[in-house]
Structures are given as structure tokens and as C-alpha cells.
Amino acid sequence: DLIADFVMGMDRQASPYHNRTLEILTGIRIPDRSEWRKDEILSAVRANVALVNHLSDDHIDSVEKIILAGMQSGLPVDSQAAFISELTGRSMARARFLAQDQGTKVHRSLCHARYMDAGVTRFTWQTQDDSTVVGNPGGLYTSPSALHGDHWSRHGKVFSYGMPPSDGFPGHAPGCRCWESPLPD
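Here goes a summary of the coordinates provided. In this numbering scheme, every chain counts its residues from 1 along its sequence in written order. Per-residue local features of the predicted model are confined to residues with pLDDT of at least 70, and side-chain atom pairs are confined, for both listing and counting, to 80 or more; whole-chain, interface and lining totals are unaffected and use all residues. As a convention, hydrogens and water are excluded, and side-chain values are obtained from all of the structure's heavy atoms.

**Let's talk about the overall build of the protein chain**
Next, step 1: A tally of regular secondary structure across the protein chain gives five helices and three strands.
Next, step 2: Secondary structure elements follow DSSP: runs of H or I no shorter than four residues count as helices, runs of E no shorter than two count as strands, and numbering proceeds from the N terminus. What you see in the protein chain, going N to C, is helices and strands ordered as α-α-α-α-α-β-β-β.
Next, step 3: Buried means the residue's accessible area, taken with a 1.4 Å probe over protein chains only, is under 20% of the maximum for its type, while exposed means over 50%, and partly exposed covers the values in between. For the protein chain, with 185 residues in total, the buried portion stands at 43%.
Next, step 4: Long-range contacts, defined here as pairs at least 24 residues apart, represent 66% of the contacts in the protein chain between residues at least 6 apart.
Next, step 5: Areas reported as accessible are Shrake-Rupley estimates using a 1.4 Å probe. Residue values count occlusion only from the protein chains shown. Total accessible area computed for the protein chain in this model is approximately 9700 Å², and 54% of it derives from carbon and sulfur atoms. The contact criterion used is simple: two residues touch if any of their non-hydrogen atoms lie within 4.5 Å.

This is the structure we're talking about:
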């Protein structure tokens, strides 16, 4: 299965970095496990693509494969977007957003699951700290919504994995570029 192979390949590439980060934070050496949370991550990837409005089931499967194959092979986002646009009839701008957003979500899901697997229970919310962060009073998107909360005010605050904000973890909301920094207990 292309998606399973891709997710496991991404995990193998990211594993040394994340394991070292967790070892520095917690003092615990994390063993590598090739089958680590495979089903959970695959299900998250499929759920993310399924949330895209107005895509048929056939298109959802194809978009998943385009994005994951593109990420695995290093295909630029614009090339992925061209395939998605042709397949779905979406504009290039919308297809580019979809490719970038879904690729980011795959990466964030891998990070999140790895931290949870290591027993980390809390994280610090991090933003890009620029004018496009939702909620920035001097930025482009000053008003948060139910779909995309006030990420500006969350920057640097500590959250529990057991109680995420209503719009989800960092990187979950559409177009979100935030990330989580794991905290030792």
C-alpha cells in the first residue's frame, strides 16, 4: 500500500531527530520501532483528506496518493497541485493549498503521535510569529473562528495532549503552520 509505505518511510527518516529531542527533554532513550503507530497515522492521513469539501470518494483516494507520492519522491508542491487540479477540476490556487496543507498535516501527525508514544503529556504551542498567524492584532487574520482558533494568543502557552483546544492540535486547522514543542513531565 503506497500510503503505508510512505508513512513508514517518513517515520524512519524523522525517527533519529525526534528520538534525540525526546532524549534531551526527558533523559529517556526511545527505541526505534518500525511499526510504530502505523494504523493510527494512516487513519489520520485518510481522515484529513476526507475532510476536504466536495471531493468524491474516488478523488479522495487519488488526492491521498498524489500528495503522499509527491512528498515521498520530493515532487514540488506546485507539481502535486497541477495533478490535483487536473484530477478534481479545482483551481491551481486551491490545489496548491490542498497539497501544502495535507503535507503539513502528515508531518504534524507523525510528530504528535511520536511524542504521545514516548509518554509526553504536555507541549508548548509554537507559531510562525508573523502577520499571517490567526489572531495577530496587527496581522491579516485578526478574527479567529470555530474552525481556526486564536493561535496568536496560544504562542508559548502549555497544553495537555489529553485536552487539546477546540480546533485541535497545532497544525490541525486548515492552513495552520503552528507546531508543538514537547515538554518533559
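Next comes the rest of the account.
**Quick notes on the sheet that holds strand S2 (residues 158-160)**
Next, step 1: The strand order across the open sheet built from three strands is S2-S1-S3, with neighbouring strands paired in antiparallel fashion. In this open sheet, the two edge strands, each paired with only one partner strand, are S2 and strand S3 (179-183). Here the strands of the sheet are splayed against their neighbours by 40° on average, with no regard to which way each runs.
Next, step 2: Pairing of strand S1 (residues 122-126) with S3 involves five bridges; the strand directions are antiparallel. Looking across to S3, one finds that Arg 122 is bridged to Leu 183. Here, any two strands with at least 2 DSSP bridges between them count as paired. Axes here refer to lines fitted to C-alpha atoms; in helices the fit is confined to the stretch in contact. Angles between the N-to-C directions go from 0 to 180 degrees.

**A few points about the pairing of S1**
Next, step 1: For S1, a buried count of four out of five residues is recorded, marking the element as mostly surrounded by other parts of the structure.
Next, step 2: Bridge count for S1 against S2 is three bridges, and the pairing is antiparallel. Counterpart to Thr 124 in the pairing with S2 is Val 158.

**What about the state of the cysteines?**
Next, step 1: Two cysteine sulfur atoms make up a disulfide if the distance between them is within 2.5 Å. Scanning all chains against the criterion turns up zero disulfides.
Next, step 2: Residue Cys 176 stays outside any disulfide, its sulfur separated by 3.6 Å from that of Cys 178, the closest cysteine.
Next, step 3: On the basis of relative accessible area, Cys 178 is assigned to the buried category, the value being 4%.

**Looking at helix H4 (residues 77-88)**
Next, step 1: To estimate how far a helix should extend, the number of its residues minus one is multiplied by 1.5 Å. Here H4 is twelve residues long and its end C-alpha atoms lie 16 Å apart, about the 16 Å a rise of 1.5 Å per residue gives.
Next, step 2: For H4, the full list of buried residues reads Gln 80, Ala 81, Ile 84, Ser 85 and Thr 88. Here the buried residues of H4 occupy an arc of 135° about the axis, which is enough to place them on one side.
Next, step 3: Positive phi shows up at Gly 89, right after H4, with a value of about 80°. Directions pointing from the helix axis toward each C-beta atom define the arc.

**Side note on the side chain of Asp 101**
Next, step 1: By the secondary structure assignment, Asp 101 is in helix H5 (residues 92-117).
Next, step 2: Of the residues examined, Asp 101 reaches a relative accessible area of 8% and is grouped as buried.
Next, step 3: Side-chain polar atoms of Asp 101 contact the side chain of Gln 102, separated by 3.5 Å.
Next, step 4: Excluding residues that lie within four positions of it along the chain, Asp 101 makes contacts with Ala 173, Pro 174, Gly 175 and Cys 176. Pairs of N or O atoms are called polar contacts if they sit within 3.5 Å, as long as, within protein, a hydrogen donor faces a hydrogen acceptor (for residues adjacent in sequence, only side-chain-to-side-chain pairs).

**Brief notes about the pattern of salt bridges**
Next, step 1: Here a salt bridge means any side-chain nitrogen of Lys or Arg lying within 4 Å of a carboxyl oxygen belonging to Asp or Glu. Enumeration according to the criterion identifies four salt bridges in this entry.
Next, step 2: Between Asp 78 and Arg 96 there is a salt bridge, with its nearest N and O atoms 2.5 Å apart. One end of the pair, Asp 78, is in helix H4; the other, Arg 96, is in helix H5, with 18 residues separating them in the sequence.
Next, step 3: Using a relative accessible area of 43% as the deciding quantity, one classes Asp 78 as partly exposed.
Next, step 4: By relative accessible area, Arg 96 is classed as partly exposed at 35%.
Next, step 5: Residue Arg 154 pairs with Asp 167 through a salt bridge whose shortest N-O separation is 2.7 Å. You can see Arg 154 sitting in the loop between S1 and S2 and its partner Asp 167 sitting in the loop between S2 and S3, a full 13 residues away along the chain. Of the two residues, Arg 154 and Asp 167, neither departs from the other in class, the shared state being buried.

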